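As a plain string of letters, each chain reads:
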Amino acid sequence: MKINVNTEIALTYLSARKKQTAIAAAGVMFGISMFIFMQSLMKGTNDYFEKMSFNSTPHIRLYSENKVADTHMLNSYLKDSSVKILTNPKQLIQTLGINNPYGIIKEIIKYPRVANVTPQVTANVIYTSGSVQIDGNVAGVNIDQEDKMFDVQSNMIAGDLHDLNRVNNGLLIGKGVADKLSLHVGDNITVTSGTGSPTIMRVIGIFATTIKQIDETKSYANIVQAQNLLGKDRSYVTDIKINIDDYNNAPAVARDLETITGYKAEDWVQANEQLKAAFKIRAVILNSVIGVLLLVAGFGIYNILNMTIYEKIKEIAILKAQGFSGQAVTSIFLQQAVYIGVLGGIIGVIVGFLITLMVSRIYIGAGSLKYLPMSFYTPHYAEAIIFGILTTVAAGFFPARKASKVDPVTIIRG
Amino acid sequence: MESIALKATGINKYFHDPVTIPVLKNITLDVRKGEFVSIVGKSGCGKSTLLYVLSTMDTDYEGTLDINGVQATGKSLNALARIRNESIGFVFQFHYLLPDFTCLKNVMIPALRLGKYSYKEVEARAYEKLKMFGVEDQALKRADKLSGGQQQRVAIARALINEPAIIMGDEPTGNLDSKNTGIVFDLFQKLAKDFGQTIITVTHDEDFARRSDRIIEMADGEIKSHGK
């Protein structure tokens, strides 16, 4: 293939100044590798926190919300505007939990996008061991389903969670509770709810999430055990937890389920608004850093091309005298920018990957977070290349245009 | 009728900085094909300015300029670049070779730009031109490694690569010793006589001027004598 003469000149200029070319390419490389590293870290962290939040929060939680008494039905039944029904404007406690929970669960499972459904009985309790008492809550669950949905197993630090099915009065406690009451697997603990009688239970396992507040209050019991603690019957369920195929659809599905069941359905976005805000803030911070990095890389290229043009101004004039048009001169210098960008971009992608790989091996060891969460997400690499090339072309454009406007007469005559 | 290589009609040019002064006053000039013309005059008389107007590089003038019977005045910068590439070769007082390239590449670049011949053909032609000036053994050296005389000969070879109808020289021998000046002069004469190429040079070298076909004398922006 015949190389275009503009390309040949551009390449000769670049190779004649290897050091400058290398520095400019290094700037681009740095920008692009940091772009990839930062994006990977941000996505990794976001994914991690999302996953963490789904370790404790279902995509959708269905529960009976306390309501102010509603006179709407009665009024429409009376059809008499001269009679006004007055109600107590205070919240009423819906002590019955969810009516007919297993019927509702059957309905929910029919909904196409639902992946998993599990009932839960939540009981606010006081844990007592010896003379020490602490507040907390017991989640009465079907531990197998719970594990399937929330990967309880990954948080276990002692005992076996399946013992919850086998051991009568078994209790799975958080690490914070265990520490405060100095409990170990096999020890007894007294659990008292507001409505039931004190019950002696047996610690069959200890778990640790990364969230201290949960570790210091939460415990898991069999759902029947939790109903007993509260002195309720077998049909008493406070929450129905639902996971769907794609958690991004949660708000829409939640609205549908509210209509179907008549209970309040809270999606994870509502439950984790601070998480969403944190994602957004992180995105702003990291994007500004990346922007600055690419800008600096762009200035590097701009500078070096500008210098080259000052140095080469006579040569540019002579090229024009020999019949190189303004466009040809622009092409020569823009091509130099593009080659620097491509060179720096390719190395940057490789270096970015290596940095990401290296950092993903750094041990953190905070809670269940052992290594820095890094994501290896291919579109980041494509984005990095696109941004890198856009930056270099933009940075090369102005010097190249300046070169194209060199007036040969003024330069040659001096 | 003899054909006209270059025709300038009523050229006026002004410098505007710091005040507007006329540098070229109503210059009308014909150069025939195959003619070897020298433009002489004192420093500042406008002879170089005239040459750059005739070269199409300077477009800031009044009047009209025809090259090979085609009007150059009013053409776009790209079209003028094309005309220069195809029909005009330049030799300057200073060689202005591109120092990062070999001599051979320097000679080849205008031809590659023109794109009339394949890379191989251009290379062969460039060698031929270098041979004409006895610098073919320097072909693969970088241009900045040559002596001044050699560089100027390479620069002239470069001006000839596209076989332009007109060769323009701005003091082409100004930096050369008498021996090299002789070589260059003989070549110019040969090009004019044997190949019908038109040569227009601005020179201070009276001897060089005297030996050319015609001397155009300039003073104060006007042509004093069109020669024979």
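Residues numbered from 1 in each chain as written. Chains lettered and ligands numbered in written order. Predicted model: local features only at pLDDT ≥ 70, side-chain atom pairs only at ≥ 80, totals over all residues.

As for the interface of chain A and chain B
Moving on, step 1. Each side of the interface is counted separately: chain A has 20 residues, and chain B has 21 residues.
Moving on, step 2. For the side of chain A that touches chain B, the secondary-structure elements that each account for two or more residues are helix 1 (5–16), helix 13 (313–321), helix 14 (326–359) and helix 16 (408–413) of chain A.
Moving on, step 3. When residues in the side of chain A that touches chain B are grouped by element, the largest group, five residues, is from helix 13 of chain A. (Contact = placed C-beta atoms within 7 Å. Helix = DSSP H or I, 4+ residues; strand = E, 2+ residues; numbered from the N terminus.)

Brief notes about the sheet that holds strand 9 (residues 214–219) of chain B
All names here are of chain B.
Moving on, step 1. Pairing within the open sheet is mixed, and its six strands lie in the order 6-7-8-3-9-10. Strands with a single pairing partner mark the edges of an open sheet, and in this sheet they are strand 6 (88–91) and strand 10 (222–225). Averaged over all neighbouring strand pairs, the angle between strand axes comes to 25°, with direction disregarded.
Moving on, step 2. Sheet topology note: the strand 6/strand 7 (residues 166–170) ladder contains four bridges and is parallel. Looking at the pairing, I88 lines up with I166 of strand 7.
Moving on, step 3. Contacts from helix 5 (residues 148–160) reach strand 6 and strand 7, with the element oriented near 170° to strand 6. (Pairing = 2+ DSSP bridges. Axes fitted to C-alpha atoms, helices over the stretch in contact; angles between N-to-C directions.)

Some remarks on unusual backbone geometry
Residue and element names in this part refer to chain B.
Moving on, step 1. Residues other than glycine seldom take positive phi values, yet E171 does so here, at roughly 50°.
Moving on, step 2. Relative to the helices and strands, E171 is located in the loop between strand 7 and helix 6 (178–195).
Moving on, step 3. For E171, a count of 20 C-beta atoms within 10 Å gives the class buried.
Moving on, step 4. The backbone phi angle of D220 is positive, close to 50°, even though this residue is not glycine. (Buried ≥ 20, exposed ≤ 12 C-beta atoms within 10 Å, placed from the backbone.)

Comments concerning the domain arrangement of chain A
Quite often, the size of an interface is put as the accessible area lost when its parts meet.
Moving on, step 1. When cut into domains, chain A gives domain 1 (5–53 + 275–413) and domain 2 (60–64 + 95–268).
Moving on, step 2. Relative to domain 2 of chain A, the C-alpha centre of domain 1 of chain A lies at a distance of 52 Å. (Domains from an automatic or database assignment.)

Some points on helix 6 of chain B
Residue and element names in this part refer to chain B.
Moving on, step 1. With 18 residues, helix 6 extends 25 Å from end C-alpha to end C-alpha; this agrees with the ideal 26 Å at 1.5 Å per step.
Moving on, step 2. The set of residues buried in helix 6 consists of T181, V184, F185, F188, L191 and A192. The arc enclosing the buried residues of helix 6, seen along the axis, measures out at 125°, which places them on a common side. Within helix 6, the exposed residues directed more than 90 degrees away from the buried face are K179, D186, K190, K193, D194 and F195.
Moving on, step 3. The elements touched by buried residues of helix 6 are strand 3 (36–41), helix 5, strand 7, strand 8 (198–202) and helix 7 (206–211).
Moving on, step 4. In the segment just after helix 6, G196 is the residue with positive phi, at about 70°. (Expected span 1.5 Å × (residues − 1). Arc of directions from axis to C-beta.)

Here's the deal with the packing of helix 2 (residues 18–56) of chain A against helix 12 (residues 273–311) of chain A
Residue and element names in this part refer to chain A.
Moving on, step 1. Two elements in contact, helix 2 and helix 12, have axes whose closest approach is 8 Å; the angle formed by their N-to-C orientations is 175°. Judged on the interaxial angle alone, helix 12 and helix 2 are roughly antiparallel.
Moving on, step 2. Considered class by class, the residues forming the contact of helix 2 with helix 12 number 20 nonpolar, seven polar and one charged. (Parallel < 35°, antiparallel > 145°, perpendicular 65-115°, else oblique. Nonpolar A, V, L, I, M, F, W, Y, C, P; charged D, E, K, R; others polar.)

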